Protein chains: 2
Amino acid sequence: MSSDTRGPRDRMVYATAQHLRRAGVSGTGLRQVVIDADAPRGSLQHYFPGGKDQLVAEALDWAGTWAAARVGEHLSRMRRPTPSRLFTAVVDDWAADLDAREFARGCPVAAAVVDCADTNETVRRAADTALETWRRPLAEALVDMGRSRRRADSLSTLMLCALEGAILMARARRDTAPLRLVARELAPVLDAPPGAQR
Amino acid sequence: MSSDTRGPRDRMVYATAQHLRRAGVSGTGLRQVVIDADAPRGSLQHYFPGGKDQLVAEALDWAGTWAAARVGEHLSRMRRPTPSRLFTAVVDDWAADLDAREFARGCPVAAAVVDCADTNETVRRAADTALETWRRPLAEALVDMGRSRRRADSLSTLMLCALEGAILMARARRDTAPLRLVARELAPVLDAPPGAQR
DNA sequence: TGACTACTATGACGAGTGTCATAGTAGTGA
DNA sequence: TCACTACTATGACACTCGTCATAGTAGTCA
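- Per an unreviewed UniProt entry, chain A goes by the name TetR family transcriptional regulator and belongs to Humibacillus xanthopallidus.

1. Quick word on the interface of chain A and chain B
Logical step 1: Each side of the interface is counted separately: chain A has 43 residues, and chain B has 43 residues.
Logical step 2: Between chain A and chain B lies a buried interface of about 4000 Å² when both sides are counted; carbon and sulfur atoms form 65% of it.
Logical step 3: Summed over the three residues of chain A that lose the most area to chain B, namely Val114, Leu168 and Glu185 of chain A, the buried surface amounts to 16% of that side.
Logical step 4: For the pair chain A and chain B, the number of links is four salt bridges.
Logical step 5: Where arginine 151 of chain B meets glutamate 185 of chain A, a salt bridge forms, and the shortest distance between an N and an O atom there is 2.8 Å.
Logical step 6: Summed over the shared surface of chain A and chain B, the number is six residue pairs in polar contact (both at pLDDT 80 or more).
Logical step 7: Counting only elements with at least two residues in the side of chain A that touches chain B, the list comes to α1 (8–23), α6 (108–116), α7 (121–144), α8 (149–173) and α9 (177–191) of chain A.
Logical step 8: Considering each element in turn, the side of chain A that touches chain B owes the most residues, 16 residues, to α8 of chain A.
Logical step 9: Considered class by class, the residues forming the side of chain A that touches chain B number 23 nonpolar, seven polar and 13 charged.

2. Thoughts on the protein's contact with DNA strand C
Logical step 1: If you check the shell around DNA strand C, you find 17 residues, and the closest are Pro40, Arg41 and Ser43 of chain A together with Arg31 and Gln45 of chain B.
Logical step 2: Expressed as a percentage, the sugar and phosphate content of the atoms of DNA strand C within 4 Å of the protein is 47%.
Logical step 3: With respect to DNA strand C, the side chain of arginine 41 of chain A contributes an N or O atom lying 2.9 Å from a base oxygen.
Logical step 4: Note that a base nitrogen of DNA strand C is positioned 2.7 Å from one of the side-chain N or O atoms of arginine 31 of chain B.
Logical step 5: Going through the elements one at a time, α3 (43–47) of chain A together with α2 (30–36) and α4 (51–76) of chain B are the ones with two or more residues in the surface near DNA strand C.
Logical step 6: In terms of residues, the surface near DNA strand C owes the most to one element, α3 of chain A, which gives four residues.
Logical step 7: Along the lines of polarity and charge, the residues of the surface near DNA strand C split into four nonpolar, eight polar and five charged.

Procedures and definitions
- Residues numbered from 1 in each chain as written.
- Chains lettered and ligands numbered in written order.
- Predicted model: local features only at pLDDT ≥ 70, side-chain atom pairs only at ≥ 80, totals over all residues.
- Heavy atoms only, no water.
- Contact = heavy atoms within 4.5 Å.
- Buried area = accessible area lost by both parts, 1.4 Å probe.
- Salt bridge = Lys/Arg side-chain N within 4 Å of Asp/Glu carboxyl O.
- Polar contact = N/O pair within 3.5 Å; in protein donor to acceptor, adjacent residues only side chain to side chain.
- Helix = DSSP H or I, 4+ residues; strand = E, 2+ residues; numbered from the N terminus.
- Nonpolar A, V, L, I, M, F, W, Y, C, P; charged D, E, K, R; others polar.
- Near = heavy atom within 4 Å.

So, in structure tokens, the structure goes:
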């Protein structure tokens, strides 16, 4: 995740995503992003003629893609994957991140939704597709585990809802317990045999 | 919920809470709050010498208390309350609100956490206690329904996590489906007979 | 060498921010 | 009438914000 090798453009997108996680959209200043990215300020209007909206949108896009890839990594590490094991892996990943950074950074998509859902349609759309980019590999994995398409869509959405909420509560309480809690409580729902539930 | 009868102080707190729901903490300007509240600007420093932090903290406090009272209202309307029925009532409440306001307003506590968890300890604490104020009546109700204290704490936390996440996703998608989904999926977990689960 | 493109540097603009200082008004109780 | 308190009015300060205009540099083709 070191950002030295990539070009300044990518570094700015990455720095924006990280800043979103800490302070939300309106709390993210472009000047600070440029500093964090160790990028030239003049490049902002060159690479992102669409202004802050474009930068934030690309940061969300990056975040969605990254999260999706992370799901793949978790899956590839599992001998016999089950829905609950997958969910637990994702949740544990977040718990470790929150712990390591002392709850400083949450989910950038959540930040975008909270700040912009009503005021900035560009960003809202980007957040929406980022969530979808993240959810899709979860659903695919569930299908591979024998769930129907419909069921996989439902369960993957449930996973993301519970995770986002748990991240939120964990940051409020400064305690990762909610994350572990949702992983434990959802296990029976997620692992219910394919035919048993609607 | 009309704000004409209350004093300017209360109106400012209320207006702040509503503004938080739309644009987050950093997106909430004090001058706009004053206008929305139809309050004198000079009263800001008089009633809230602690500045914006105090105002936001009180708004979160108000929101937590309001949400808790709402739980009570739902319960009082139920002949034979069950955990899943209670959760569904809360969720439906939110779905109706989101629909009515076209997804413009989310949860003020979520907004505070996302924007301030890392940068503003005062607000973070206020968000934490607001969540707790909200969760407590849920847990109490679950105890009344025969769940153990431990179990009630777990389930009430699960409810709030799923709800907060579903609100988030609903606003991103501009669709209340995630809310209805979590209510449906969590029902078996919530209604599992007291002794059946850990 | 010269034109052309990609990228960077920098200063400024106007608007908005939270906060504060200062002065004013209305009402109450002595 | 006087003092005192509660509350309001308003202008200013010192920022920060996103955006833009303009100029400059480096590199690449012809």
